[in-house]
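The chain contents come next:
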Amino acid sequence: MRFSTFYILITALLFSLTEAKGKAIKTVDASSFAASTTVPVQALQSAAAKANTIPSLAVYPVSVGENPVQSTIYSDWTRFQTGSAIFWVADMDVDCDGLEYGCEGNPDGQPLTNWGALDAYQVPFIVIPDKFLVANPDLLPGNNVAAIICNNKIFYAILGDSNHNDPQVTGEASWLLARTCFPDEKLNGNKGHTTSDVTYIVFTGQNAVLPDTALNANYITDFGKLREMGDTLVSGLVSELEISSTIPGSGPEPNPSPSPSPSPGPGSGDDDHDEDGDGDGERPVTAGASGRSMDLLTVVLGCVVAIICQII
């Protein structure tokens, strides 16, 4: 009886730990890639609403259902000397291609993204229809910095992947970016934000590409550089649009978030992170349980259960 009770307890514990492992996700804190709170969000949205220059291969549905909403990519801002960009308005579905292609609700995920195998839990990236990407290699060489307006806030991201569906769709972002934009909606690979109220601004040209010193095939290793480039590019765009603003460099910023130090990149998921903002470590991370320690504990408990079964 004593062994049977112990067996039941161990089995229940093993099940609980396995469940916890499945839910434990390490994800980067929003402050690492948030734009200044002084960026004129509504003014940028109003300027985008006046766009009328449509390049070729620029109209795509936001979903694959019947009579889907259509989204148009505009190129009015590509003529600017600073802050040159394309932009569109769409919904926001979750893309988990890359390292975490098996994320919740994503049975058809792919192990690679266009320029590597990004971690959708730790990299804010967006997706663009592949037809448009292929047709505009000079504008979009890959890993371009982007500014995403969602929920009345702006977050910086990179252009990290393209959509190959039939039909190709627009309005996709990594797990991290989607859940940061809409934290109360519990988005996953099979549940997106369905309202087309997200503005995607992708800065164009080689000068808008996040450099190799700030990212690798899997991770952004220098979020400070992402924010620096994002602020500079948005400032240039705002200036070209003749919108009044006080972006860092042109005026004070109230309550700025601390800029995280570079993180170590691949394998960093199990390293200690500077979560308290004291500047002594890497990027802020919202951490779940360590994957490797959970795996080890699961194996050990599995062995214990097997031994108990033999005794019984």
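Read on for an overview of the structure.

Cut-offs applied
Residues numbered from 1 in each chain as written. Predicted model: local features only at pLDDT ≥ 70, side-chain atom pairs only at ≥ 80, totals over all residues. Heavy atoms only, no water. Core = buried A, V, L, I, M, F, W, Y, C linked by side-chain atoms within 4.5 Å. Buried < 20%, exposed > 50% of the residue type's maximum accessible area, 1.4 Å probe, protein only. Contact = heavy atoms within 4.5 Å. Pairing = 2+ DSSP bridges. Helix = DSSP H or I, 4+ residues; strand = E, 2+ residues; numbered from the N terminus. Axes fitted to C-alpha atoms, helices over the stretch in contact; angles between N-to-C directions. Disulfide = S-S within 2.5 Å. Phe/Tyr/Trp six-rings, centres within 6.5 Å; stacked < 30°, edge-to-face > 60°.

### Regarding the nonpolar core
Counting residues in hydrophobic clusters, the biggest one holds 74 residues, and the most contacted among them are Met92, Ile126, Leu177 and Phe203. Ignoring anything within four residues of it in the chain, the contact list for Met92 reads Ile148, Gly171, Ala173, Leu177, Ala178, Cys181, Phe182, Leu187, Gly192, His193, Val198 and Tyr200.

### Regarding the sheet that holds strand E9 (residues 193–203)
Read around the closed barrel, six strands run E4-E8-E5-E7-E6-E9, paired in mixed fashion. The mean angle between the axes of side-by-side strands here comes to 45 degrees, regardless of whether they run parallel or antiparallel. The sheet contact formed by strand E4 (residues 85–95) and strand E8 (residues 172–174) spans three bridges and is parallel. Residue pairing in the sheet places Asp95 in a bridge with Ser174 of E8. Against the sheet, helix H5 (residues 223–240) makes contact with strand E6 (145–150), strand E7 (153–163) and E9, and its axis sits at roughly 105 degrees relative to E7, the strand it touches most.

### Topic: the environment of Leu57
Checked against the element boundaries, Leu57 lands in the loop between helix H2 (41–49) and strand E2 (59–61). Residues Leu57 and Pro129, spaced 72 residues apart in sequence, show a C-alpha to C-alpha distance of 9.3 Å.

### Concerning the state of the cysteines
Overall, the coordinates contain two disulfides when judged by the stated rule. When the cysteines of the chain that form disulfides are numbered from the N-terminus onward, they connect as 1-2, 3-4.

### So, the packing of aromatic side chains
This structure, assessed with the given rule, holds six aromatic pairs. Between Trp88 and Tyr200, the aromatic rings sit 5.3 Å apart at their centres with planes inclined by 10 degrees, giving stacked as the arrangement. Residue Trp88 is found in strand E4, and its partner Tyr200 is found in strand E9; the two are separated by 112 residues along the sequence. As far as burial versus exposure is concerned, Trp88 and Tyr200 are alike and both buried. Judged by centre distance (5.2 Å) and plane angle (75 degrees), the rings of Tyr121 and Trp175 are edge-to-face. Taken together, the residues Tyr121 in the loop between E4 and strand E5 (125–129) and Trp175 in helix H4 (residues 175–181) connect sequence positions 54 residues apart. Comparing Tyr121 with Trp175 shows no difference in burial state: the two are buried. Grouped by ring-pair contacts, the aromatic residues Phe33, Phe155 and Phe223 constitute a single cluster.

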